[in-house]
Each structure stands twice: as structure tokens, then as C-alpha cells.
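Descriptive analysis of the structure
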Amino acid sequence: MEKLKGDVVVIGAGVTGTAVARELARYQVKVFLVEKYPDVACGCTKANTAIVHAGYDATPGTWKAKLNVRGAAVYPQICRELEVKFKPTGSLVVALAEDQVPHLYELLNRGYVNGVPDLKIIGREQLLAQEPYLNPKAVAALWAPTAGLVDPWGLAIAQAENAAENGVEVLLGALVEGLELKDGLVTAVRTPDAVIQTRYVVNAAGRYSDEIARMVGQDDFRIVPRKGEYYVFDKRFGYMAACPLFPVPTAISKGILVSPSVDGNLLIGPNAQDQEEKEDLDTTSVGLAEVLDEALDMMPDLPVRDAITNFAGLRAVARPSNDFVLGPAPGVPNFINAAGIQSPGLTSTPALAEMVRDFLQLAGLELKGKSKFNPYRQGIVTFCDKSREQQAELIEHNPRYGRIVCRCETVTEAEIVQALNRPVPCTTVDGVKRRTHAGMGRCQAGFCTPRVVEIMARELGLTWDEITKKGGASRLLLGQTKCSAAEKGAEKDA
Ligand SMILES: Cc1cc2nc3c(=O)[nH]c(=O)nc-3n(C[C@H](O)[C@H](O)[C@H](O)COP(=O)(O)OP(=O)(O)OC[C@H]3O[C@@H](n4cnc5c(N)ncnc54)[C@H](O)[C@@H]3O)c2cc1C
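Residues numbered from 1 in each chain as written. Predicted model: local features only at pLDDT ≥ 70, side-chain atom pairs only at ≥ 80, totals over all residues. Heavy atoms only, no water.

**A word on the packing of helix H1 (residues 15-24) against helix H8 (residues 345-362)**
The condition that has to hold: Note on geometry: axes are C-alpha line fits, over the in-contact stretch for helices, and angles between N-to-C directions span 0 to 180 degrees. A run of H or I in DSSP counts as a helix once it spans at least four residues, and a run of E counts as a strand once it spans at least two, with each numbered from the N terminus. The scheme is simple: roughly parallel for angles under 35 degrees, roughly antiparallel for over 145, roughly perpendicular for 65 to 115, oblique for anything else. Left-handed describes a crossing in which the near helix is turned anticlockwise from the far one by less than a right angle; the clockwise case is right-handed. Pairs of residues are marked as contacts when any of their non-hydrogen atoms sit within 4.5 Å.
Between H1 and H8, the shortest axis-to-axis distance is 8 Å and the interhelical angle comes to 50°. Between H1 and H8, the angle is such that the two are oblique. Judged by the twist between their axes, the crossing of H1 over H8 is right-handed. When H1 is examined against H8, the residues Val-15, Thr-16, Ala-19, Val-20, Glu-23 and Leu-24 are found in contact with a partner set consisting of Leu-346, Thr-349, Leu-352, Ala-353, Val-356, Arg-357 and Leu-360.

**Quick look at the nonpolar core**
Cut-off, in case you're wondering: Among buried residues, those of type Ala, Val, Leu, Ile, Met, Phe, Trp, Tyr and Cys that are joined through side-chain atoms within 4.5 Å constitute a nonpolar core. The buried label goes to any residue with under 20% of its type's maximum accessible area, the exposed label to any with over 50%, and the partly exposed label to all in between, with areas taken from a 1.4 Å probe on protein chains only.
By size, the foremost hydrophobic cluster in this structure holds 55 residues, and its most contacted members are Val-8, Val-10, Tyr-75, Val-150, Val-168 and Leu-360. Of all the secondary-structure elements, those providing two or more residues to this core are strand S1 (2-11), H1, strand S2 (31-34), helix H2 (63-82), helix H5 (152-165), strand S12 (194-203), strand S20 (332-339) and H8. In this structure Val-150 touches Ala-50, Val-52, Tyr-75, Cys-79, Val-84, Lys-85, Phe-86, Val-262 and Leu-346, once residues within four positions along its chain are discounted.

**As for the sheet that holds strand S4 (residues 86-87)**
Cut-off, in case you're wondering: Paired strands, as defined in this entry, are two strands with at least two bridges between them according to DSSP.
Taken in spatial order, the 3 strands make up an open sheet running S3-S8-S4, and their pairing is antiparallel. Edge positions in the sheet fall to strand S3 (51-52) and S4, since each of these pairs with one other strand and no more. Two strands pair when backbone bridges link them, and S4 and strand S8 (residues 148-150) are joined in this way by 2 bridges, in the antiparallel orientation. Within S8, the position partnered with Phe-86 by the bridge is Val-150.

**Describing the pairing of strand S7 (residues 140-144)**
With 5 of 5 residues buried, S7 lies mostly within the body of the structure. Residues Ala-140, Leu-142 and Ala-144 of S7 are buried on one face, and the alternating residues Ala-141 and Trp-143, pointing to the opposite face, are buried as well. In the sheet, strand S5 (residues 91-95) pairs with S7 via 5 bridges, with the strands oriented antiparallel. Residue pairing for S7: Ser-91 is matched across the bridge by Ala-144. Where strand S6 (residues 120-123) meets S7, 4 bridges bridge the pair, whose relative direction is antiparallel. Across the sheet, residue Ile-121 finds its bridge partner in S7, namely Leu-142.

**Some words on the pairing of strand S13 (residues 222-233)**
For S13, the buried fraction is high: 11 of the 12 residues fall into the buried class. Taken together, the 12 bridges between S13 and strand S18 (residues 307-319) define a ladder with antiparallel strand orientation. Of the residues in S18, the one forming a bridge with Val-224 is Val-317. Pairing geometry for S13 and strand S17 (residues 273-274), over 2 bridges, is antiparallel. Looking across to S17, one finds that Arg-226 is bridged to Asp-274.

**Points about the domain arrangement of the protein chain**
Under the convention used in this document: All domain edges in this entry derive from an automatic or database-based domain assignment. Simply put, the buried area is the total loss of 1.4 Å probe accessible area from both parts when two parts are fitted together. What makes a salt bridge here is a side-chain nitrogen of Lys or Arg within 4 Å of a carboxyl oxygen of Asp or Glu, nothing more.
Domain annotation of the protein chain identifies domain 1 (86-148 + 224-314) and domain 2 (381-494). Counting residues at the interface gives 6 residues for domain 1 and 6 residues for domain 2. Considering only the surface of domain 1 that becomes buried against domain 2, Asp-234, Lys-235 and Ile-308 emerge as the three largest contributors, covering 65% of it. On inspection of domain 1 and its partner domain 2, the count reaches 2 salt bridges.

**Let's talk about the packing of aromatic side chains**
Going by this rule: Aromatic pairing here means that ring centres of Phe, Tyr or Trp (its six-membered ring) are within 6.5 Å. Orientation follows from the plane angle: under 30 degrees is stacked, over 60 is edge-to-face, and everything else is tilted.
Applying the stated criterion across every chain, the model contains 6 aromatic pairs. For the pair Trp-63 and Phe-359, a centre-to-centre distance of 6.2 Å together with 70° between the ring planes defines the contact as edge-to-face. Placement of the pair is Trp-63 in helix H2 and Phe-359 in helix H8, with a sequence separation of 296 residues. The class of Phe-359 is buried, set by a relative accessible area of 15%. When the centroid spacing of 6.2 Å and the interplanar angle of 20° are considered together, the rings of Phe-383 and Tyr-401 count as stacked. Of this pair, Phe-383 sits in the loop between H8 and helix H9 (388-397) while Tyr-401 sits in the loop between H9 and strand S21 (404-406), and the two are 18 residues apart along the sequence. Given the relative accessible area of 7%, Phe-383 is considered buried.

**Some points on the site of the ligand**
What counts here: Near, as used in this document, describes a residue that has one of its heavy atoms within 4 Å of the molecule or strand being considered. Polar contacts, as counted here, are pairs of nitrogen or oxygen atoms within 3.5 Å of one another; within protein the pair requires one atom able to donate a hydrogen and one able to accept it, and residues that are adjacent in sequence qualify only if both atoms are side-chain atoms. The accessible surface values rely on the Shrake-Rupley method and a 1.4 Å probe; as for residues, cover is taken only from the protein chains in view. By the convention adopted, Pro, Cys, Tyr, Trp, Phe, Met, Ile, Leu, Val and Ala count as nonpolar, Lys, Arg, Asp and Glu as charged, and the other residues, Gly among them, as polar.
As a matter of local geometry, the ligand sits amid 38 residues, with Thr-16, Glu-35, Thr-45, Ile-341 and Thr-347 nearest to it. At 2.5 Å from an oxygen atom of the ligand is found a side-chain nitrogen or oxygen belonging to Thr-45. Between Leu-346 and the ligand, the recorded distance is 3.2 Å, taken from a backbone N or O atom to an oxygen atom. Protein chains bury 97% of the 1000 Å² of accessible surface belonging to the ligand in isolation. Those elements that provide at least two residues to the shell around the ligand are H1, S18 and H8. Partitioning the shell around the ligand into residue classes produces 21 nonpolar, 14 polar and 3 charged.

**Here's the deal with the side chain of Asp-323**
Heads up, the condition is: Counting rule for charge: Lys and Arg are taken as positive, Asp and Glu as negative, and neither His nor the chain ends is counted.
One can find Asp-323 in the loop between S18 and strand S19 (325-329). Buried charge Asp-323 goes without a salt bridge, the closest partner of opposite sign being Lys-64 at 5.4 Å. Polar contacts involving the side chain of Asp-323 include one to the main-chain amide nitrogen of Lys-64, which spans 3.1 Å.

As C-alpha cells, then:
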């Protein structure tokens, strides 16, 4: 059992935990970021709508309302620093009937109270000029120019890498099994392989943040997973929506929307279904039918037969507050919650991280700035978005850029090799997919998986059958069915 010692342990490497870790990396403190999965961004962060919301939706006065607007404002800068894809598209809430128009004004007023800049109501003519594929029965919309699209797992990966480059120790595959307490303070974090003595703990464990809080005796909230299901359409149809198109919201969700993705796909979803099970990410025929039905109302010409995949995400809804659970646990001042981070959690991330930093300071953590903090992180040099001349230069410099591995997304061997040699280790096929997009296209990894596995085995020094999709028992290959002539000879000799 390894014995480690730090100032702060952040539990959970989703977009929240990685943002907190990066924020703390600015200061002279020893930070551990501890994640149970073999990669970052495997919880809520890997399956959501990926919208940077403007902030008109949340009830004024809530954490969600306060942090959304601040988060959206700093997104462009953070994404520039970390080389993460971000598109400032704006967003629309569309009234499809006259009786929905008063809801737009309600949202407009709520937006003013929350401090959302430049909101306005636009009429049918402008709306259909902006979004020609909308249902022509649309009557008006709320235009929110500060909304945008982001690559959510790309952001979490980039934050973790930047944190690691600035001294944070990232422990992957490290399930937090218990916390040690003494005299009303948490003193250590236990994983199967290590005990980390620490002065502070940040609980950013997403859907499991209630269970982590219970380890210090806090029992005043629980997390209810709320499923949301999606369709993803081929990139050929990304042009059909210029920005996220929301219906007027319901009591429990922002409604089923039609949206482009930051990579140019078209996306519809999510529905909202509360459930008990925290790992059930299965899509259902009933849920998908609901999604399709409502999205067709927004955009009747949706290319239904060109869906390339479906997926589901699980929101971490905190009961009873239905708000983010932020701040110290009652009676345990050095245990800081960043729990129940449901939507607009992705948007709020930068502001959440600042808030957690302030809570740590209030609890006595001294934060002296590091002179050498580097806020910049270089991403993987991608091939498909370069001009012909730039591509030729890349190939000349590194011939692996000349070998296309994923034909749908035009991902080269050079990019996959880079993904496997980053400051935070990438050891799974899904990890390669999230970093390079290999396997995210039309064929959904049908063609590129064997090549990806081959490159991973070579770079990681593993055999093919040791490579997993997402860690644990998720092996892709069970063994060899054919062998080379040389191997056959060796078998005969034996
Ligand atoms: C359907 C859906 C749509 C959404 N759409 C949007 C949107 O458009 N815009 C927006 O702003 N937000 C959106 N959100 C919300 C956003 O996705 C979340 O707020 C955000 O991803 C939460 O990140 P997190 O880091 O708090 O949680 P997670 O990403 O779940 O990370 C928590 C991490 O903690 C780890 N962990 C848990 N228990 C332990 C343990 N015992 N030991 C070690 N590690 C542990 C988990 O493995 C996980 O990696 C949406 C969410 C969903 C589900």
C-alpha cells in the first residue's frame, strides 16, 4: 500500500474535478486528482449536449444561475488557452405556437435578472432566415448570442493535462473506497493501492458525490440519476441547424432540442427520465421515439434515416435542492462539495472551480501563486482541418500523417500516436476515440478499430488481446485465430 501526502485531494476527474485541479495548479499546493476509471471524462462529462448555455434558464439566486453566466463569459478564453474546440453559435428558444410566446418573455426577464447579456426576442421572419430548416409554423424565438458549443470531454482532458503539466498528480483507476476522519476533519483518502494523507478533500464525484459525502457523515442530499437519450446524425446534415434550437422548457428539463455539434454533426435530444440505477446508460425504444417525435416537431425534415448512433447520458440531480451542492460538509470544514453538478454544470465549470478555490481558502488553505504556472496546453496536431499545403508539410515532417486510420473522420496514425503519449496516460480505445475522433464517424469504428488496437499495442508494449475498450473486462479481442508462417513453423517444431 503506497503512502502519499498532499494538501488537497480532488475526487473525480470529470469536467468539474479537472477544472478544480487546474485552478489549484496555479498555487503552491500539492494536489492529487483521483479517478476510479482508467481515464478522465468517463462520467456525465462524456455524454451530454455540450452546449455552453447563456444562462436565462436557471432560477435566479440559485448556484446554477450565478455560475452559468460567469462560466459562459470565460469559456472562449479557457478554450483558447487549452486548445479546446469552442464555437460561439448563440442559441434560440423557439415558440412553435402563439400560446408559447409568453414563455419566451418569462425567460427573457429571468435572463435579465441572471445578468445574461444581449438577449432579445426575434420574430418569425428573422427566425426562419436564420434557421431555414425550422418548422415553418414557428412564430418567434428568444435569441441568446452568448451561448456556444464545446467539446466537453476534450475540455476535461485538456484541463487534466494542463493541471498535470503544472504539478498536479493524476491517479487513474483509483476508486476512493473510504475517507479517514479525526476530530471532525478528514485526514486521508483511501484507494485500493494508496492512502493519501491530506489537509483538504474536494468531492467532485458526479453521480456518486452523495456516496462520497456519506463517507464523512453528510446525509442531507442524494443524487437521482436522470437519463437523457440522443440521436446523432451524419455530418452531411450539420448544416440544418446553425445553433442549438430549444423548445420552450418543461418543469424538469430544457426540452428536446435540435443542435449542431462542435464537430459539425446534427444532434437531437435529450429526454428526461429519473431512475435509480447510476450506471444504466442503455437507450430505450420508448425514449428514442419520444426524442424523435419532439425533434420532428422542431424540424420536420430531419434526416431520420441518416442517424449514425444513439447514446444516453445520466444527469446527477441533487435532491432535495435540485441545485449544485457547493461548499463544506456540515461539521467537516475541510471537506468541500462540488456535488450534484447537473446542467448547466458543463457551462458553469470555470466559475465552479473558482468557487471551490474560494471555499478552500475560507477553510484555511493558504494559496500563494506559482511563478511558473503555464495556462497554455498544446493539443494534438490534427490533419483533417489543415490545408493541402499544410497536410503535405505534416507528412513530410512525420510520414505517419500520411497513413489514414479512421477514414470517416480522416484521423491519421500520427494523431493516434500523439494521443498515446500525453501528460495524462491514455490506455483505452475509447480514450483514443475521445482524443482523436477515430471511430466517431459514419461507420462508428467498424473499420478503424483493428488498426487502432494494433497501434495501441505497439505504442503501449501490450499484446492485442490486452487492449480494452474502456478498461476492466472490456477486452475487444479474445485471442489469435490465425498465425504467421513463422509461428506455424515454430508450432510444428515444438
Ligand atoms: C443528458 C445530459 C445533458 C447535459 N447537457 C449539458 C449542456 O448542454 N450544457 C451544460 O452546461 N451541461 C450539460 N449537462 C451537465 C454536464 O454534463 C455535467 O454538469 C458535467 O459533466 C458534470 O461533470 P462532473 O465532473 O461534475 O461529473 P462527472 O463527469 O460525472 O465526473 C465525476 C467523476 O467522479 C468519478 N468518481 C465517482 N465516484 C468515485 C470514487 N469513489 N472514486 C474515484 N472517482 C470517482 C467518476 O468516475 C467520474 O469520472 C448535461 C448532462 C446530461 C447528463
